[in-house]
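Survey of secondary and tertiary structure
If you want the building blocks of each chain, they are given just below.
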Amino acid sequence: MSFAKNELGFDVPQSGLFKRKEDKEYHYIIKYFDRYKGYKFQRKEFSSYLGLDSENKYRTSSEKLFDMASKVLLREEDRVRMLEYYFYSFVIKHEDMHTKNISTIYDNGKLFLAPLYDIATTGFYNGIRNYESHLPINGKQTNIRPKDFFVLLKKANVPRKMFVKRASFILKTYQEKMPRYIAKISKLEESYFYKKERANAEHKKIKIKKKMLLQEVMLEAFYRRIEVLKRNLWFEI
């Protein structure tokens, strides 16, 4: 979230990690972005536009999502920004992007794209689906290449040249600056990651938890992600 705001210029809600002296764990807190001094702005998730309830928020495709966006978001800048949000989610490997995580805000007769919210990399976790995008992009959830993502541009009615320029900036910035953000994790107390491993002890399989520094785990995942993006030709667009 901080990287998206500081380095990419995205609109994001105020958020941060907090810990009181008596707390054993950190709390991640996000401020409501659709409320101001008792006034609540009208917000609508794309799941509602698509007629999907909470249980079915994944039951669609990225193409249908952006086809709806082209009808809802009349300003090109909003459609471009939505593609940027979606692309950033793909780059950092946020597996849980779905139709309830993208919204619009309506106020004073105007409708526009809501800030980017509820986003974090899941690429360093074990035991979860290894998707690059939960909603299929050109029928794929992994091994997504530029030609696959470009399908969404037609659905969103966004010029390819415009998107490529934005996407190249996101990729370059992510590659150059994300390690600095990961390094800041070392300032947190007890920032450990417990990785489950299997071992054979006396012919019995048991689970062993390996204690690792969180920043080391995330940095390893970052470099793996860069290699995958290069292999799939993203740095050649």
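Residues numbered from 1 in each chain as written. Predicted model: local features only at pLDDT ≥ 70, side-chain atom pairs only at ≥ 80, totals over all residues. Heavy atoms only, no water.

Examining the overall build of the chain
Helix and strand content of the chain: seven helices and nine strands. On C-alpha atoms alone, the chain measures out to a radius of gyration of 19 Å, which is about the 18 Å that the 2.2 N^0.38 rule sets for 237 residues. Taking all 237 residues of the chain together, the buried fraction comes to 42%. Put simply, of all contacts in the chain between residues at least 6 apart along the chain, 66% involve residues at least 24 apart. Approximately 14,600 Å² of the chain is accessible, and the part contributed by carbon and sulfur atoms is 49%. (Helix = DSSP H or I, 4+ residues; strand = E, 2+ residues; numbered from the N terminus. Rg over C-alpha atoms; globule rule 2.2 N^0.38 Å. Buried < 20%, exposed > 50% of the residue type's maximum accessible area, 1.4 Å probe, protein only. Contact = heavy atoms within 4.5 Å. Areas by Shrake-Rupley, 256 points an atom, 1.4 Å probe, with all protein chains shown as cover.)

Some words on the packing of aromatic side chains
Under the defined criterion, the tally for this structure stands at 23 aromatic pairs. Ring centres 5.0 Å apart and planes at 90° place the aromatic pair Tyr 39 and Phe 41 in the edge-to-face group. Taking relative accessible area as the criterion, Tyr 39 reaches 45% and is therefore assigned partly exposed. One aromatic cluster is present, built from ring pairs that chain together Phe 66, Tyr 86, Phe 87, Phe 90, Phe 149, Phe 150, Phe 163 and Trp 234. Lying across the ring of Tyr 26, Lys 19 places its NZ or CZ 4.9 Å from the centre. We note Arg 35 situated over the ring of Tyr 32; from NZ or CZ to the ring centre the distance is 3.9 Å. (Phe/Tyr/Trp six-rings, centres within 6.5 Å; stacked < 30°, edge-to-face > 60°. Lys NZ or Arg CZ within 6 Å of the ring centre and 35° of its normal.)

Looking at the nonpolar core
Counting residues in hydrophobic clusters, the biggest one holds 59 residues, and the most contacted among them are Tyr 86, Phe 87, Tyr 88 and Phe 149. Discounting chain neighbours no more than four positions away, the residues touching Phe 87 are Phe 149, Phe 163, Ala 167, Ile 170, Leu 171 and Trp 234. (Core = buried A, V, L, I, M, F, W, Y, C linked by side-chain atoms within 4.5 Å.)

Examining a nonpolar patch on the surface
Taken together, Leu 17, Tyr 28 and Ile 30 make up a surface patch of nonpolar side chains, about 290 Å² in accessible area. Within the secondary structure layout, Tyr 28 lies in strand 2 (residues 27-30). (Patch = residues over 30% accessible without salt bridge, like charges linked within 9 Å, V, L, I, M, F, W, Y side chains within 5 Å. Salt bridge = Lys/Arg side-chain N within 4 Å of Asp/Glu carboxyl O.)

A short note on the environment of Met 1
Relative to the helices and strands, Met 1 resides in the segment before helix 1 (2-6). For Met 1, a relative accessible area of 14% translates into the label buried. For the pair Met 1 and Lys 140, spaced 139 residues apart in sequence, the C-alpha to C-alpha distance is 26 Å. Aside from chain neighbours lying at most four places away, what touches Met 1 is Val 12, Pro 13, Ser 15, Tyr 28, Leu 116, Tyr 117, Asp 118 and Ile 119.

Observations regarding the pattern of salt bridges
Proximity of charged atoms lets side chains of opposite charge pair with each other. What the rule picks out here adds up to 14 salt bridges. A salt bridge links Arg 20 to Asp 23, with the shortest nitrogen-to-oxygen separation between them at 3.0 Å. For Asp 23, a relative accessible area of 13% corresponds to the buried category. For Arg 75, the salt bridge is made with Glu 77, and the minimal N-O distance between the two is 3.8 Å. In this structure Glu 77 comes out as exposed when scored by relative accessible area, which is 55%.

Details of the side chain of Arg 225
Considering the arrangement of structural elements, one finds Arg 225 in helix 7 (residues 214-231). Beyond its immediate stretch of four places on either side in the chain, Arg 225 contacts Phe 90, Val 91, Lys 93, Glu 132 and Tyr 174.

None of the figures reported here should be taken as evidence of function without further support.
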